[in-house]
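Breakdown of the fold
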Amino acid sequence: MKKVILIAIVALQSCVVTQTPQNQLKPTLESVEHEGDGVHGGQSFQNDMILIKWSSTPTSLDFDLQNKTSKTIKIIWEEAVYINEKGESNRIMHKGVKYIDRSQSMPPTVVVRGSTVSESCVPVDNVRYSGGQYGSGWVESPLFNTMAWTTAESQRLRSLIVGKTVSVLLPIQSEGVTKEFIFNFVVK
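Residues numbered from 1 in each chain as written. Predicted model: local features only at pLDDT ≥ 70, side-chain atom pairs only at ≥ 80, totals over all residues. Heavy atoms only, no water.

Attention shifts here to the overall build of the chain. Of regular secondary structure, the chain possesses two helices and 14 strands. By the burial criterion, 37% of the 188 residues in the chain qualify as buried. Sequence-distant contacts, at least 24 apart, represent 60% of the contacts inside the chain between residues at least 6 apart. Accessible area of the chain: about 10700 Å², with a carbon and sulfur share of 53%. (Helix = DSSP H or I, 4+ residues; strand = E, 2+ residues; numbered from the N terminus. Buried < 20%, exposed > 50% of the residue type's maximum accessible area, 1.4 Å probe, protein only. Contact = heavy atoms within 4.5 Å. Areas by Shrake-Rupley, 256 points an atom, 1.4 Å probe, with all protein chains shown as cover.)

Structural data, given as structure tokens:
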């Protein structure tokens, strides 16, 4: 009986259209909202305080942030937000946060003068514990879910997301003053 159920599960899974590198959606940095001057080009932005370079995985927006100042700066995670393609705000978890602690208070990340930090932004609502008869564990859902039972449905879901904007609000503190940076990405 277990063999029959396992074969049925494998057969059903083979019918699901999965996200492959060919059909994976990519967020592309379109604009940055902030106080003062700055230069945006490609997937990066810089001003007199920071140089940030963005990349993505199916489940996260990642960045390398360089502190260009002569003072220590902090990323204030408690105020950081991911805004999805529907305009819904979501708390962010980052590297080093245990999945089980994703809704707990997160201390700031300290970036010493002249140094660089690599981080990930994962919406906490995209992380869940999945338990069941055939195994259990923590799962990160994709930022853009286009998985469906058919290719046509997957393409329909994709068409609803392509061209939409997602954003990351990243508050950065220097000498007790917090500046908000809103990074806007167009999904391509």
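Structure's up, so let's keep going.
Turning to the packing of aromatic side chains, a few remarks are in order. In this structure the tally under the stated criterion is nine aromatic pairs. With a centroid separation of 6.2 Å and 75° between ring planes, the pair formed by Phe45 and Phe183 is classed as edge-to-face. Taken together, the residues Phe45 in strand β3 (residues 44-46) and Phe183 in strand β14 (residues 177-187) connect sequence positions 138 residues apart. Neither residue differs from the other here; Phe45 and Phe183 are each classed as buried. Their ring planes at 55° and their centres at 5.0 Å tell us that Trp54 and Phe63 sit as a pair that is tilted. For Trp54, a relative accessible area of 5% gives the class buried. Through a chain of ring-to-ring contacts, the aromatic side chains of Phe45, Trp54, Phe63, Trp77, Phe181, Phe183 and Phe185 assemble into a single cluster. (Phe/Tyr/Trp six-rings, centres within 6.5 Å; stacked < 30°, edge-to-face > 60°.)

As a further point, take the pattern of salt bridges. Side chains that carry opposite charge are capable of pairing whenever their charged atoms lie near each other. Tallying each qualifying case throughout the model produces two salt bridges. With a closest N to O distance of 3.3 Å, Arg91 and Glu78 form a salt bridge. With Arg91 in strand β8 (residues 89-93) and Glu78 in the loop between β6 (73-75) and β7 (81-83), this residue pair connects regions lying 13 residues apart in the sequence. Classification of Arg91 by relative accessible area gives partly exposed; the value is 22%. Since its relative accessible area comes to 38%, Glu78 is described here as partly exposed. Residue Arg156 pairs with Glu153 through a salt bridge whose shortest N-O separation is 2.9 Å. Here Glu153 and Arg156 lie together in helix α2 (residues 151-161), a separation of three residues that amounts to about one turn. Assessed through its relative accessible area of 41%, Arg156 is described here as partly exposed. (Salt bridge = Lys/Arg side-chain N within 4 Å of Asp/Glu carboxyl O.)

This part covers the confidence of the model for the chain. Mean pLDDT for the chain: 89, with 88% of residues reaching 70 or above. Low pLDDT, under 50, characterises residues 4-22; the predicted model gives this stretch 21 contacts beyond four residues in sequence or across chains. (pLDDT = per-residue confidence, 0-100.)

A grouping of Ile100, Tyr129 and Trp138 is seen on the molecular surface, where their side chains present a nonpolar patch of about 340 Å² in accessible area. Structurally, Trp138 can be placed in strand β12 (residues 137-140). (Patch = residues over 30% accessible without salt bridge, like charges linked within 9 Å, V, L, I, M, F, W, Y side chains within 5 Å.)

This brings us to unusual backbone geometry. A positive phi is found at Glu175, a non-glycine position, where the angle reads about 50°. The exposure class assigned to Glu175 is exposed, which follows from its relative accessible area of 62%.

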